[in-house]
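An overview of the molecular structure
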Amino acid sequence: MRNQLDKAIRRVMAVRHAERRRAAVLVILALLTILSVSWRLHQVGTAMTDDEYSCGYEEHAHSDACYTEVLVCGYEDEAPENPADSTREDGEAAPTAHSHTADCYQRVLTCTLPEHTHTLECLADITADVETPADWDEQSEGVSSFWSDAMTEIAQRQLGYTESAKNFTVDKALGETLAQAHHYTRYGDWYGNPYGNWDVMFVAFCQHYAGIPEDVIPQCASLLQLRTELENAHPEYITPGGSEATPGDIVLYTNTAGEETIGIVTEYDGTTLTVVSGAVDGAVVAVTVADP
């Protein structure tokens, strides 16, 4: 009878142990959820108040503080248990008290912040300085109906425009510096390539808002494409030198870096051309070009 009573007691204790284990797991899950929500709110708050980085993350590396020793054995300290080496005289296992050891704990990562190191990409804000078609339409308000005059006026209105310092993409093959980054411009965005090289797209933008049809002068994104299309369709538009240049003309010239680029003539004094060009050190500027 006594043996049956002991067995019944052990069954009850086993059930209680299982319930304690389930309760412990639920407590751990609840704690992890609370910690997760708390850290996420903290993370979002930090990202929203950080004026420099736009990645939405804190710079973080896991440390010992990010880990918690969690009790996983399922027993309360001093709770009864039935070790195999503890037996009664009648051969039945007798309840003994449980004492926690190192094996009862597990090191668990409870920090929900991802490990993150800030890079150049973290500074980029793809929403910064973005313009709309309504902004671009303003560039042609009140311009002349004559194409050459309109080209001159619109080109001069662009003077001082600079590519976005905050809105850029990084091509890691070129290097991770702002000098190698591709920056947003209104001209690239209008053309459909917001981060592309924009010296030729600047000219295409001016052509469009000056009202020059594409079947008269093609609107291109590269010098090679523009030259090829003009040679095929309108070779009469290509003239050597600058002696025949007039305001509103498109001119190809060699810049100070020895590279061929493009611009719009706004003045010619018989010796030099004043040309408005895009993508000159990241800006639209007026440059002086000697008559070839």
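Residues numbered from 1 in each chain as written. Predicted model: local features only at pLDDT ≥ 70, side-chain atom pairs only at ≥ 80, totals over all residues. Heavy atoms only, no water.

For the protein, the count of helices and strands is six helices and 10 strands. Looking at the protein residue by residue over its 292 residues, the buried ones come to 32%. Within the protein, residue pairs in contact and separated by at least 24 positions form 55% of the contacts whose partners lie at least 6 positions apart. Counting only carbon and sulfur atoms, one obtains 53% of the accessible surface of the protein, whose full area is about 17300 Å². (Helix = DSSP H or I, 4+ residues; strand = E, 2+ residues; numbered from the N terminus. Buried < 20%, exposed > 50% of the residue type's maximum accessible area, 1.4 Å probe, protein only. Contact = heavy atoms within 4.5 Å. Areas by Shrake-Rupley, 256 points an atom, 1.4 Å probe, with all protein chains shown as cover.)

Right, let's talk about empty space enclosed by the protein for a bit. Enumeration according to the criterion identifies one cavity of 30 Å³ or more in this entry. Within this model, the largest cavity holds a volume of roughly 30 Å³. Every residue along the wall of the largest cavity is listed here: Val 200, Val 203, Ala 204, Gln 207, Pro 218, Gln 219, Cys 220, Leu 226 and Ile 262. Take the lining of the largest cavity: its biggest share by element is four residues, from helix H5 (residues 199-209). Its residues placed into classes, the lining of the largest cavity shows seven nonpolar, two polar and no charged. (1 Å grid on protein atoms, 1.4 Å probe; cavity = no way out; pocket = protein on both sides within 12 Å on 5 of 7 lines; lining within 4 Å. Points joined across faces, edges and corners; volume = space filled by probe spheres on them. Nonpolar A, V, L, I, M, F, W, Y, C, P; charged D, E, K, R; others polar.)

A low pLDDT means the predicted coordinates there should not be read in detail. Per-residue pLDDT for the protein averages 78, and the proportion of residues at 70 or more is 68%. Overall, residues 29-50 carries pLDDT values under 50, and its contacts beyond four positions in sequence, including any with other chains, amount to 16 contacts. (pLDDT = per-residue confidence, 0-100.)

This part is about the packing of aromatic side chains. Geometry of an aromatic ring pair is reported as the spacing of the ring centres plus the angle between the planes. Applying the stated criterion across every chain, the model contains nine aromatic pairs. Taken together, the aromatic side chains of Tyr 161, Tyr 187, Trp 190, Tyr 191, Trp 198, Phe 202, Phe 205 and Tyr 209 make up a single cluster linked through ring pairs. For the cation-ring pair, Arg 107 lies above Tyr 67, with the distance from its terminal atom to the ring centre recorded as 3.9 Å. (Phe/Tyr/Trp six-rings, centres within 6.5 Å; stacked < 30°, edge-to-face > 60°. Lys NZ or Arg CZ within 6 Å of the ring centre and 35° of its normal.)

With that out of the way, let us pick up helix H6 (residues 223-233). Buried residues of H6: Leu 223, Leu 226 and Leu 230, and no others. The arc enclosing the buried residues of H6, seen along the axis, measures out at 70°, which places them on a common side. In H6, the exposed residues that point more than 90 degrees away from the buried face are Leu 224 and Asn 232. Residues of H6 that are buried sit in contact with H5, strand S7 (250-254) and strand S8 (260-268). (Arc of directions from axis to C-beta.)

Attention now goes to H5. A large share of H5 lies buried, amounting to 10 of its 11 residues. Within the sequence span of H5, burial applies to Asp 199, Val 200, Met 201, Phe 202, Val 203, Ala 204, Phe 205, Cys 206, Gln 207 and Tyr 209. The positive-phi residue at the C-terminal boundary of H5 is Gly 211, with phi of around 85°.

Let's shift gears to the sheet that holds strand S9 (residues 272-280). On the basis of which strands lie adjacent, the open sheet formed by four strands has the order S7-S8-S9-S10 and antiparallel pairing. Edge strands, defined here as strands with exactly one partner in the open sheet, are S7 and strand S10 (283-290). The average undirected angle you get between the axes of adjacent strands in this sheet is 45°. In this structure, S7 lies alongside S8, joined through five bridges in antiparallel fashion. For Val 251, the partnering residue across the bridge sits in S8 and is Gly 263. Strands S7, S8 and S9 of the sheet are contacted by helix H3 (residues 147-157), whose axis makes an angle of about 110° with S8. Packing against the sheet, H5 makes contact with S7, S8, S9 and S10, and its axis sits at approximately 40° to S8. (Pairing = 2+ DSSP bridges. Axes fitted to C-alpha atoms, helices over the stretch in contact; angles between N-to-C directions.)

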